[in-house]
Every structure is written in C-alpha cells, then in structure tokens.
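Close look at the chain arrangement
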Amino acid sequence: MHMSNQSLLVILLVGIVAGWLAGKIVRGTGFGLIGDLLVGVVGAFVGNWILPRLGVHLGTGVVSAIVNATLGAILLLLVVRLLGGVGGSGRRWGGRWGRP
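Residues numbered from 1 in each chain as written. Predicted model: local features only at pLDDT ≥ 70, side-chain atom pairs only at ≥ 80, totals over all residues. Heavy atoms only, no water.

1. Remarks on the overall build of the chain
Across its full length, the chain carries three helices and zero strands. Going residue by residue from the N terminus, the α and β elements of the chain occur as α-α-α. Taking all 100 residues of the chain together, 28% fall into the buried category. Partitioning the contacts of the chain with sequence separation of at least 6, the portion at a separation of at least 24 is 65%. Counting every atom, the chain has about 6900 Å² of accessible surface; 70% of that belongs to carbon and sulfur. (Helix = DSSP H or I, 4+ residues; strand = E, 2+ residues; numbered from the N terminus. Buried < 20%, exposed > 50% of the residue type's maximum accessible area, 1.4 Å probe, protein only. Contact = heavy atoms within 4.5 Å. Areas by Shrake-Rupley, 256 points an atom, 1.4 Å probe, with all protein chains shown as cover.)

2. Section: the layout of surface pockets
Estimated volume of the largest pocket: approximately 270 Å³. Lining the largest pocket, in full, are Val10, Ile11, Val14, Gly15, Gly40, Val41, Ala44, Phe45, Asn48, Ala65, Asn68 and Ala69. Counting only elements with at least two residues in the lining of the largest pocket, the list comes to helix H1 (5–25), helix H2 (32–53) and helix H3 (62–82). It is H2 that contributes the most residues to the lining of the largest pocket, five residues altogether. Within the lining of the largest pocket, the residues separate by chemical class into eight nonpolar, four polar and no charged. (1 Å grid on protein atoms, 1.4 Å probe; cavity = no way out; pocket = protein on both sides within 12 Å on 5 of 7 lines; lining within 4 Å. Points joined across faces, edges and corners; volume = space filled by probe spheres on them. Nonpolar A, V, L, I, M, F, W, Y, C, P; charged D, E, K, R; others polar.)

3. Here's the deal with H1
Count 3.6 residues to each turn of an α-helix, and residues three or four apart come out pointing the same way. Across its 21 residues, H1 extends 30 Å between first and last C-alpha, which sits within 8% of the 30 Å expected from 1.5 Å per residue. Looking at the buried residues of H1, the elements they touch are H2 and H3. (Expected span 1.5 Å × (residues − 1).)

4. Comments concerning the confidence of the model for the chain
Of all residues in the chain, 78% attain a pLDDT of 70 or more, and the chain-wide mean is 76. Considering each helix and strand of the chain separately, the mean pLDDT is smallest for H1, with a value of 81, and largest for H3, with 85. (pLDDT = per-residue confidence, 0-100.)

Laid out in structure tokens, this is it:
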C-alpha cells in the first residue's frame, strides 16, 4: 500500500485532534502529544471497525473522520480506564509505585 505524504499528514492530524478531544471528554486521561496521537490513531481503527457493525455511518470527509476517530478513542480510553490503566485522578499503573 502506497501512501502519499499528504495522506500521512491528514492521518496524523486527525489522530492528534481525535486523541486530544477524547482526552478532554474522558477527563483524567491525557497522555501528551505523542500519546494522544497514538490513542487517536488506534481510536480511528476502533471506530472504523465498530461503528459500521453498529449500523452507524457518519459519511465521508475530514470532519467525519475526526468524529469517527474521536468516538473510537473515547471507547478505547474507557476500556483502558475499566481495566485499571488510568484512574479518574490520572494515576497510572500501580498507583503510588510502592510508596507508603
């Protein structure tokens, strides 16, 4: 599969925006620029996989791609939170890291 530089740039921008939006909507789960980018890109894959199976079709274009990726990223963050990866207070795996 060949991707142009423009396509890669659009994917990265959609991922950053979606990850940032998901971090704002699901409070306490910001991961920084790179982490938000990864959450957004993985969320885009999750959204592209699960939304059509639920019968949800958002259309085409950059805005629908951002909405789709944001919904997938929110779902991803909620699953991570349920599994105990990041608590509501922003603590990461292990909590206090062995401190009393």
